[in-house]
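# Descriptive structure summary
Below are the chains, spelled out letter by letter.
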Amino acid sequence: GLAILAARIGAGFVYHQTRQARGFELDRLGRRHAAARSTLPLVLSSIMEYARTIARDLRRLYLAAAGNHVQREALIAWEIPPVPQGETTALADVIEAASNDVVDVIADLLGRLQVQAGRLRGLHADVVAGTTGRRNILKSEIEEYIQDIADIHARCELLLDYARREADTVQPM
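Residues numbered from 1 in each chain as written. Predicted model: local features only at pLDDT ≥ 70, side-chain atom pairs only at ≥ 80, totals over all residues. Heavy atoms only, no water.

### Observations regarding a nonpolar patch on the surface
A surface patch of nonpolar side chains, about 350 Å² in accessible area, is lined by L2, L5 and I9. Of note, L2 is situated in helix α1 (residues 2–64). We classify L2 as exposed; its relative accessible area is 71%. (Patch = residues over 30% accessible without salt bridge, like charges linked within 9 Å, V, L, I, M, F, W, Y side chains within 5 Å. Areas by Shrake-Rupley, 256 points an atom, 1.4 Å probe, with all protein chains shown as cover. Salt bridge = Lys/Arg side-chain N within 4 Å of Asp/Glu carboxyl O. Helix = DSSP H or I, 4+ residues; strand = E, 2+ residues; numbered from the N terminus. Buried < 20%, exposed > 50% of the residue type's maximum accessible area, 1.4 Å probe, protein only.)

### Observations concerning unusual backbone geometry
One non-glycine residue, R165, adopts positive backbone phi at about 65 degrees. Position of R165 relative to the elements: it lies in the segment after α5 (139–163).

### Regarding the pattern of salt bridges
Taken as a whole and judged by the stated rule, the model has eight salt bridges. With a closest N to O distance of 2.7 Å, D108 and R155 form a salt bridge. Note that D108 is positioned in helix α4 (residues 100–129) and R155 in helix α5, a separation of 47 residues in sequence. On the basis of relative accessible area, R155 is assigned to the buried category, the value being 8%. With a shortest N-O distance of 2.7 Å, R155 and D151 are connected by a salt bridge. With R155 and D151 both in helix α5 and four residues apart, the pair spans about one turn of that helix. The pair R155 / D151 is uniform in exposure class, with both members buried.

### Examining the environment of Q116
Summarising the element assignment, Q116 is placed in helix α4. On the basis of relative accessibility, which here comes to 2%, the residue Q116 falls in the buried class. Counting along the chain gives 67 residues from Q116 to E49, while the straight-line C-alpha distance between them is 15 Å. Residues contacting Q116, with those up to four places away along its chain left out, are I54, Y145, D148, I149 and I152. (Contact = heavy atoms within 4.5 Å.)

### A closer look at the nonpolar core
Counting 42 residues, the largest nonpolar core has L44 and L91 as the members making the most contacts within it. Elements that contribute at least two residues to this core include exactly α1, α3 (87–97), α4 and α5. Setting aside anything within four residues of it in sequence, one finds L91 in contact with L40, V43, I47, I106, L109 and L110. (Core = buried A, V, L, I, M, F, W, Y, C linked by side-chain atoms within 4.5 Å.)

### Regarding the confidence of the model for the protein
In low-pLDDT segments, the atomic positions of the prediction should not be examined closely. A residue-level look at the protein finds 94% of positions with pLDDT of 70 or above and a mean pLDDT of 86. For the protein, the element scoring lowest by mean pLDDT is α1, at 81; α5 scores highest, at 94. (pLDDT = per-residue confidence, 0-100.)

### Examining the packing of aromatic side chains
Summed over all chains, the structure comprises zero aromatic pairs. Over the aromatic face of Y62 sits the side chain of K139, whose NZ or CZ is 4.7 Å from the ring centroid. (Phe/Tyr/Trp six-rings, centres within 6.5 Å; stacked < 30°, edge-to-face > 60°. Lys NZ or Arg CZ within 6 Å of the ring centre and 35° of its normal.)

Given below as structure tokens:
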């Protein structure tokens, strides 16, 4: 009888410690998420400014080109703005403790941002290298890049209410 009582007391103690540790971990995750979320408006603004700059540059290249192609020289002269430093890490920090619907939207934004930046760098590298078929770029391809960057901007806008704590969920796009 005494051994059973001692075992129950021990089990109760372990259960209490486990619950307490879980509570501490949930509090820590909550604080981490709150900290990451508090910087999200600045992160989104930075990405949106990057998107506006890319769109403006692509529009300028598109409008300056006569005919159906953007000339190689104009593309070589274009200095592609870098993806804002630290923003992808900040978004990853939000993902770590956010709800699944928010995680999906931010992960999708990160993926699209990475793909867009990679495509632009690849385009530029091909044009500079004089890769066959990539010396002059069709305006229709530039239109696709503009649509892609507009999509990234729109995704950031959808996250702003969540980032500003005006909403607890995010609408998927």
